[in-house]
Amino acid sequence: MTKYGFLGLGIMGNAMATNLVNAGLDVTVWNRTREKCAPLVVLGARQGNSPAEVTGQCDITFAMVSDPAAASSLCFDSEGVLEGITPGKGYIDVSTVDPATVLRIAGAVKNKGGRFLEAPVSGSKKPAEDGTLVFLCGGDETLYQDAQPALQLMGKKSFYFENVGQGAQMKLVINMIMGTMMTAFGEGLAVGDKAGLKIVDILDVLTQGAVDNPMFRLKGLQMVQKNFSPAFPLKHMQKDMRLALQLGDELGQSLFTTGAANNWYIKARKGGGANDDFSAVFKYIADQF
Ligand code: NAP
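Residues numbered from 1 in each chain as written. Predicted model: local features only at pLDDT ≥ 70, side-chain atom pairs only at ≥ 80, totals over all residues. Heavy atoms only, no water.

Let us now look at the overall build of the chain. Within the chain, the regular secondary structure consists of 15 helices and nine strands. Relative to the compact-globule value of 19 Å for 289 residues, the chain shows a C-alpha radius of gyration of 20 Å, a close match. Its C-alpha atoms put the chain at 65 × 45 × 35 Å along the principal axes. Here the chain holds 289 residues, and the buried ones make up 52% of them. Excluding contacts between residues fewer than 6 apart, the proportion of contacts in the chain whose partners are at least 24 apart in sequence is 66%. Carbon and sulfur atoms form 54% of the exposed surface of the chain, whose accessible area is close to 13,100 Å². Across the chain, the 27 positively charged side chains and the 28 negatively charged ones have centroids separated by 4 Å. (Helix = DSSP H or I, 4+ residues; strand = E, 2+ residues; numbered from the N terminus. Rg over C-alpha atoms; globule rule 2.2 N^0.38 Å. Buried < 20%, exposed > 50% of the residue type's maximum accessible area, 1.4 Å probe, protein only. Contact = heavy atoms within 4.5 Å. Areas by Shrake-Rupley, 256 points an atom, 1.4 Å probe, with all protein chains shown as cover. Lys, Arg positive; Asp, Glu negative; His and termini not counted. Charge placed at Lys NZ, Arg CZ, Asp CG, Glu CD.)

Next up, the structure:
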């Protein structure tokens, strides 16, 4: 039986690992804040003492942590992922990071004879709980094949790209579009509200036209109800906007709209919204709560 590891049990990692454990897979979990392992252990997971121990004991280890600094620290620090990698071991980083970080981690794992796959996900807390994420993969194709049983339990579809780093690029492209959509949405609702229109009426009209989409439908209602409990924390959206701007900069592509949206997320992050859902950017745009 394949032994799976799962490192990082935040909003996404907890839901994803739960699906693996509930399906009866052999799963060992680890989280920096150890208490977060407890619910998974109750369900039947083993608890690892360090990332190195987990990668050392498991055939395929997934990691789902915050950002490039966290992914690098998880891999390269003492007792980190790399110390447990031996020939043939699989390491799959599903965090959203930049292509340079992915390439550094991929190179280091490969140098130890391990196999590396990047697999950032499209989809949020609910798709993670429902096992309907979309994986954007790049790297070792044998690992991509070997990991299918787990990928299919956690997601509804996987894309495989030829080069390591293309998964990260795809993820940043998707999120810069999503992030700018949200600030444009927030600005529209804010100006409509100030003009005396009812926000619920704006939402109603939107559903009848070409810009209707699941995100506006779901988040719009929550925004009216001032429910900003985090599915996708705002600090992570701001990180993705920053990484997308960096990608544009490297490629000589101006990203005016993304830059403007990023300023809203910075304002919201600094204003106390870091751990709220990213839709809370609306509060800082409307400045009315
Ligand atoms: P989260 O709830 O904030 O969880 C972050 C996880 O990273 C926690 O387990 C945290 O450990 C761990 N971590 C942070 N710094 C670390 C470090 N230096 N060393 C080891 N572990 C560290 O975030 P999330 O929403 O699950 O998102 C995780 C990743 O998925 C992010 O890259 C995010 O952009 C991406 N993503 C999120 C969503 C979403 O809707 N939430 C959707 C797609 C992609 P502690 O518990 O100890 O703090």
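Once that is clear, we can look at the site of the ligand. In the vicinity of the ligand lie 25 residues, with Thr33, Lys36, Ser66, Ser124 and Lys239 positioned nearest. Separating an oxygen atom of the ligand from a backbone N or O atom of Leu9 is a distance of 3.3 Å. Backbone polar atom of Ser66 to an oxygen atom of the ligand: 2.7 Å apart, as the coordinates give it. Relative to its unbound accessible area of 900 Å², the ligand is 90% covered by the protein chains. Those elements that place two or more of their residues in the shell around the ligand are α1 (11–22), α4 (68–76) and α13 (234–251). Along the lines of polarity and charge, the residues of the shell around the ligand split into 10 nonpolar, 10 polar and five charged. Residues lining the shell around the ligand come from more than one domain, with at least three contributed by each of domain 1 (3–162) and domain 2 (169–288). (Near = heavy atom within 4 Å. Polar contact = N/O pair within 3.5 Å; in protein donor to acceptor, adjacent residues only side chain to side chain. Nonpolar A, V, L, I, M, F, W, Y, C, P; charged D, E, K, R; others polar. Domains from an automatic or database assignment.)

To continue, consider helix α10 (residues 166–194). Counted at 1.5 Å a residue, the expected span for α10 with its 29 residues is 42 Å, and the 42 Å between its end C-alpha atoms agrees. At the exit of α10 stands Gly196, carrying a positive phi of roughly 100°. (Expected span 1.5 Å × (residues − 1).)

This brings us to the packing of aromatic side chains. Following the criterion strictly, the structure yields seven aromatic pairs and no others. Both rings, one in Tyr4 and one in Phe62, keep their centres 6.4 Å apart while their planes meet at 25°; by these two values the pair is stacked. Taken together, the residues span a long stretch of sequence, with Tyr4 in strand β1 (residues 3–7) and Phe62 in strand β4 (residues 60–63) at a distance of 58 residues. As far as the burial class goes, Tyr4 and Phe62 line up, both buried. Here the aromatic residues Tyr4, Phe6 and Phe62 are joined through ring pairs into a cluster of three or more. The aromatic ring of Phe159 is capped on one face by Lys157, whose charged end is 5.0 Å from the ring centroid. (Phe/Tyr/Trp six-rings, centres within 6.5 Å; stacked < 30°, edge-to-face > 60°. Lys NZ or Arg CZ within 6 Å of the ring centre and 35° of its normal.)

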